[in-house]
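Examining the three-dimensional arrangement
This is what each chain is made of:
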2 protein chains.
Amino acid sequence: MREERATTRRQLLKGGGAALVGLAAGARPTAAQGLRSTPEGLARELMAYGRRSRFVGTSRITLDNKVNMQMHGDPNGFDALTPLGEQTGIITPAPLHFISSHGDPPPDIDPARHRLMIHGLVERPLVFTLDELKRLPSVSRIHYIECLANRPRPGAEHTLETSHGMVGCSEWTGVPLSLLLAEAGVQAGARWVVGESLGRTQQARSFPLGKALLGDTLVAYGQNSEPIQPHNGYPLRLVIPGFEGKFQLKWLRGIKVTDQPYVTYWEHGSFTRRERTPLGSYWEQGPKSVITYPAGGQRLPGRGHHTIVGFAWSGNGAVRRVEVSTDGGRTWADAELEGPALPMAMTRFRHPWTWAGGEAVLQSRCTDERGDVQPTAAEFGDFWGEYAAPHGNQIQPWKITDVGQVLNAL
Amino acid sequence: MREERATTRRQLLKGGGAALVGLAAGARPTAAQGLRSTPEGLARELMAYGRRSRFVGTSRITLDNKVNMQMHGDPNGFDALTPLGEQTGIITPAPLHFISSHGDPPPDIDPARHRLMIHGLVERPLVFTLDELKRLPSVSRIHYIECLANRPRPGAEHTLETSHGMVGCSEWTGVPLSLLLAEAGVQAGARWVVGESLGRTQQARSFPLGKALLGDTLVAYGQNSEPIQPHNGYPLRLVIPGFEGKFQLKWLRGIKVTDQPYVTYWEHGSFTRRERTPLGSYWEQGPKSVITYPAGGQRLPGRGHHTIVGFAWSGNGAVRRVEVSTDGGRTWADAELEGPALPMAMTRFRHPWTWAGGEAVLQSRCTDERGDVQPTAAEFGDFWGEYAAPHGNQIQPWKITDVGQVLNAL
């Protein structure tokens, strides 16, 4: 966008900045890479960039992506699930943030050569380098991203992670898409935006221009204050708070402004055949919550006091209330919400509970700032009928067996 | 605290939970460690626990800890500075969170064998395993931690990082210390708390019981939703929001309730000789801010529009206002604060600025919810006189040279 050769702030830190540090007496700059594997080398490496204790091995749970295999014949797809039962706060660690892949290994993008093009129905098509984008006014906001495949499912084999592990919440940093569109100048008659990805499967998705102009949609380069990791879109991804994850494209290379939704490969045919809107797609996600302890796949260590813990979120805005039932839905009590309850962000709740032994069914119910209430599985089924719902936000019941095992009760 | 053998939730995920996942058709659990270094092995490893792009090498800047060498004769001390100029949001990535060490390599603590003892002037001394602590009601809160050595310093060689890199902000998860003390029962006459660390240098620090009972002091096991990394206290550290970092002990093994402050090795003699309170120590940190772009050690890529960005924080509570001056302090304008502005947490601010070329001096000034205002270096010096101040929150001026280099102007 600008003519002059831009130098990244990191280059400065590594070059001029590091040289300045070197001037300080006693300075001993170290590099994160290229150290010999001596004990001292390892110690220096860990000082430069930390690592987990050797006693910590929490990992994403990887599964074959069967939808991808069955519908597209591509054997390379996979899902990697957030270990939600291990997540202690609202921030999902970037190395553990879920991945849903339709056969895309992360492209190995050189940031110096990457470009973002704003084109289509605009007055001035623009091409940005990463350095140029980073010079524009940026915002940092905490938002969840959730895959539409994330939902309670029948079957005792389903754990917290296999039903709810395709959601994560990060502090995303980037440039509001509205600012880029204002620079480019949106033409009269423009109604839609098509995001374009550099991934091998050439993902592209249409979403309404109105959402892009709201100011909350970001062209993001930072996740939890680091560059986004390759599996989640390095160096750029779209963050469209509250919308289905499939629109929040990774490896973003283009934003095309159009007068109508494009029906790209990923927006037609088998992938969306069971969705019943005229466009074949939904965007927004209603109120949702899940108990993460005690939850499916876990086991209570004993009778007595336990703290029920979980997360709630909504595509409509902030979470206002979470209720918990420990008697199969007969009675409900307000859980304690832990601040900050941010719009379109995971919110932590907790509720004290005493397990006297015997069977019990635990569930949580979210109400958001719009007043929408999370439905039961029965209400959800009545509404959607034979169609597969685009967003599965039905209440998740967990059954405690008399020996303390926690099972999916759907 | 409880008799029964507790099983961690991670053990469940690895054992019973993983077995359940294995039952799901197509499930292919992977481990984060122990994979052969084949391309497929590496791909699976990265799916299980992500890594940065090979083009990203941001690291902590490590320096010898001269205070430690001069005052204690220990050559092993070091500081590792947060690369604050690269931090895009309020969350400091755990691998990049600053470390200040007085010669402690992180102890290699087996979580199954670690204990926390609550003792001293209590009715019921208690010993907790980690599993027991994790069963107690927990909270997750976003707070900064800052070393008292973090402060503007005279000298053009000082960069953003060498003056302000000893601060970080994380989402900490743990059990309120007030809850543990209520369980133990504080005796009449108790006034102080001494935190005790397992580190090689046996750090121990006294702080007022009143702070421990406020409810915001945490015995923390989680940082940004992962177990705290070894350099920052794995498996347990004290988080005392708004207090000097030196009280927020890593590798926490004991909490002793006392009737008076202990004068431990780290609380007397050379380390605190220049502090002028009767106790020889301060706790609280006043309002502070720093511009992180453009900042010392960086270089402006060219004339024209720039967005001044920075962070503000205060030990008194939330940040209410940040003003920016671009003319050496003659005039000030309100910067835009980015929510959430949380108590005792880093808060992001930004301000548009056009550099027409030529010299300029940029600075920021924070006002917190108590109404306290960040002082200039002159005001700060007048107040503290010949004494070294315990908390250096004077305003940091950055000078832009006529070629766009950014230098410390103190």
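If you're wondering where the values come from, they're calculated on a predicted model, not measured in any experiment.

Considering the overall build of chain A
For chain A, the helix and strand inventory stands at eight helices and 22 strands. A total of 410 residues make up chain A; the buried ones form 62% of that total. Sequence separation of at least 24 residues holds for 71% of the intrachain contacts in chain A that already meet a minimum separation of 6.

Some thoughts on the side chain of R151 of chain B
Residues and elements named next belong to chain B. Relative to the assigned elements, R151 resides in the loop between β6 (139-146) and α5 (160-164). One buried charged side chain, R151, makes no salt bridge at all; its nearest oppositely charged neighbour is E244, positioned 6.1 Å away. Apart from residues no more than four positions distant in its own chain, R151 is found in contact with S163, K288, A389, P390, H391 and G392.

Description of the sheet that holds strand β22 (residues 406-408) of chain B
All names here are of chain B. Strand order in the open sheet formed by five strands is β17-β16-β20-β21-β22, and the pairing between neighbours is antiparallel. At either end of the open sheet lies a strand with only one pairing partner, and these are β17 (333-334) and β22. Direction of pairing for strand β16 (residues 319-325) relative to β17: antiparallel, over a ladder of two bridges. Looking at β17, one finds that E323 is bridged to D334.

Considering the environment of A389 of chain A
All names here are of chain A. Among the secondary structure elements, A389 is positioned in the loop between α8 (377-384) and β21 (398-400). The spatial distance from the C-alpha of A389 to the C-alpha of V127 is 38 Å, given a sequence separation of 262 residues. When near neighbours in sequence (up to four residues on either side) are disregarded, A389 contacts R151, F380 and W384.

Some points on helix α6 (residues 177-184) of chain B
Residues and elements named next belong to chain B. Restricting attention to buried positions, one finds in α6 the residues L177, S178, L180, L181 and A184. The buried residues of α6 occupy an angular sector of 160 degrees when the element is viewed end-on, so they sit on one face. Phi turns positive one or two residues past the end of α6, at G185, with a value near 80 degrees.

Some thoughts on the side chain of Q203 of chain A
In this fold, Q203 of chain A is placed in the loop between β8 (192-197) and β9 (204-208). Of the polar contacts made by the side chain of Q203 of chain A, one reaches the side chain of R205 of chain A; its length is 3.1 Å.

Here we look at the state of the cysteines
Structurally, a disulfide amounts to a covalent bond that connects the sulfur atoms of two cysteines. Scanning the entire structure with this criterion turns up zero disulfides over all chains. Of all cysteine sulfurs, the one in C366 of chain A lies closest to C169 of chain A, which takes part in no disulfide; the gap is 13 Å.

Quick word on the packing of aromatic side chains
All names here are of chain A. In this structure the tally under the stated criterion is four aromatic pairs over all chains. Relative to W313, the ring of Y144 lies with its centre 6.3 Å away and its plane at 55 degrees, an arrangement referred to as tilted. Here Y144 is found in strand β6 (residues 139-146), whereas its partner W313 is found in strand β15 (residues 304-313), with 169 residues between them in sequence. Summarising the burial analysis for this pair, Y144 and W313 share the class buried. Here the guanidinium or amino end of R365 rests over the ring plane of W332, the centre of that ring lying 4.1 Å away.

Digging into helix α2 (residues 39-48) of chain A
Those residues of α2 of chain A that fall on the buried side of the exposure criterion are G41, M47 and A48 of chain A. Axial view of α2 of chain A: buried residues confined to an arc of 125 degrees, hence all on one face. For α2 of chain A, the elements touching its buried residues are β1 (61-64), β2 (78-81) and β3 (99-101) of chain B.

Quick word on the pairing of strand β5 (residues 126-129) of chain B
With burial as the criterion, only one face of β5 of chain B is covered, namely that bearing L126 and F128 of chain B; the residues V127 and T129 of chain B on the opposite face remain uncovered. In this structure, the hairpin formed by strand β4 (residues 115-120) of chain B and β5 of chain B is closed by a connection of five residues.

What to know about the domain arrangement of chain A
Residues and elements named next belong to chain A. We note that the domain assignment places domain 1 (115-282) and domain 2 (288-408) within chain A. For domain 1 and domain 2, the distance between their C-alpha centres works out to 28 Å. Between domain 1 and domain 2, the residue contacts involve 27 residues of the former and 30 residues of the latter. Summing both sides of the interface, domain 1 and domain 2 together bury roughly 2,300 Å²; the carbon and sulfur share of this comes to 60%. Across the domain 1-domain 2 interface, the total number found is one salt bridge. For E146, the salt bridge is made with K288, and the minimal N-O distance between the two is 2.5 Å. For the pair domain 1 and domain 2, the interface holds ten residue pairs in polar contact (both at pLDDT 80 or more).

With respect to the environment of V263 of chain A
Its location among the elements puts V263 of chain A in the loop between β13 (252-258) and β14 (288-293). C-alpha separation for the pair V263 of chain A and P235 of chain A, spaced 28 residues apart in sequence, amounts to 26 Å.

Some details on the sheet that holds strand β15 (residues 304-313) of chain B
Strand pairing within a sheet occurs via backbone hydrogen bonds; the two strands may be parallel or antiparallel. Residue and element names in this part refer to chain B. Strand order in the open sheet formed by four strands is β14-β15-β19-β18, with antiparallel pairing between adjacent strands. Every interior strand has two partners, whereas the edge strands, β14 (288-293) and β18 (336-338), have only one. Neighbour-to-neighbour, the strand axes of the sheet open up by a mean angle of 30 degrees, direction not taken into account. Bridge analysis of β15 against strand β19 (residues 347-355) gives nine bridges, and the strand direction is antiparallel. Its bridge partner being in β19, G310 is matched across the sheet by F349.

Some words on the pattern of salt bridges
Residues and elements named next belong to chain A. In this structure the tally under the stated criterion is 29 salt bridges over all chains. Between R348 and E338 there is a salt bridge, with the nearest N and O atoms lying 3.5 Å from each other. Of this pair, R348 sits in strand β19 (residues 347-355) while E338 sits in strand β18 (residues 336-338), placing them ten residues apart in sequence. Looking at R348, the relative accessible area reads 5%, which means it is buried. The salt bridge involving R370 is made with D372; its shortest N-O contact spans 3.0 Å. Here D372 falls in the partly exposed class, since its relative accessible area comes to 28%. A cluster of three or more residues bridged by salt bridges with shared partners is formed by R321, E323, D334 and R365.

Comments concerning unusual backbone geometry
The omega angle of the peptide bond from Y293 of chain B to P294 of chain B is -5 degrees, so this bond is cis rather than trans. Within the fold, P294 of chain B resides in the loop between β14 and β15. Here G339 of chain B and P340 of chain B are connected by a cis peptide whose omega angle stands at -5 degrees. Inspection of the secondary structure puts P340 of chain B in the loop between β18 and β19. Phi angles above zero are rare outside glycine, and S225 of chain A is one such case at about 70 degrees. Structurally, S225 of chain A can be placed in the loop between β10 (218-223) and β11 (226-227). Positive phi values are uncommon outside glycine, yet M344 of chain B reaches one of about 50 degrees. Along the chain, M344 of chain B falls in the loop between β18 and β19.

Here's the deal with the pairing of strand β7 (residues 167-176) of chain A
Residues and elements named next belong to chain A. Summarising burial for β7: ten of the ten residues are buried, a large majority. Relative to β7, β6 runs antiparallel, the two being bridged by eight bridges. The residue bridging E146 from the neighbouring strand is V167, located in β7. The pairing of β7 with β10 spans five bridges and is antiparallel.

Calculation notes
Residues numbered from 1 in each chain as written. Chains lettered and ligands numbered in written order. Predicted model: local features only at pLDDT ≥ 70, side-chain atom pairs only at ≥ 80, totals over all residues. Heavy atoms only, no water. Helix = DSSP H or I, 4+ residues; strand = E, 2+ residues; numbered from the N terminus. Buried < 20%, exposed > 50% of the residue type's maximum accessible area, 1.4 Å probe, protein only. Contact = heavy atoms within 4.5 Å. Lys, Arg positive; Asp, Glu negative; His and termini not counted. Salt bridge = Lys/Arg side-chain N within 4 Å of Asp/Glu carboxyl O. Pairing = 2+ DSSP bridges. Arc of directions from axis to C-beta. Polar contact = N/O pair within 3.5 Å; in protein donor to acceptor, adjacent residues only side chain to side chain. Disulfide = S-S within 2.5 Å. Phe/Tyr/Trp six-rings, centres within 6.5 Å; stacked < 30°, edge-to-face > 60°. Lys NZ or Arg CZ within 6 Å of the ring centre and 35° of its normal. Domains from an automatic or database assignment. Buried area = accessible area lost by both parts, 1.4 Å probe. Axes fitted to C-alpha atoms, helices over the stretch in contact; angles between N-to-C directions.

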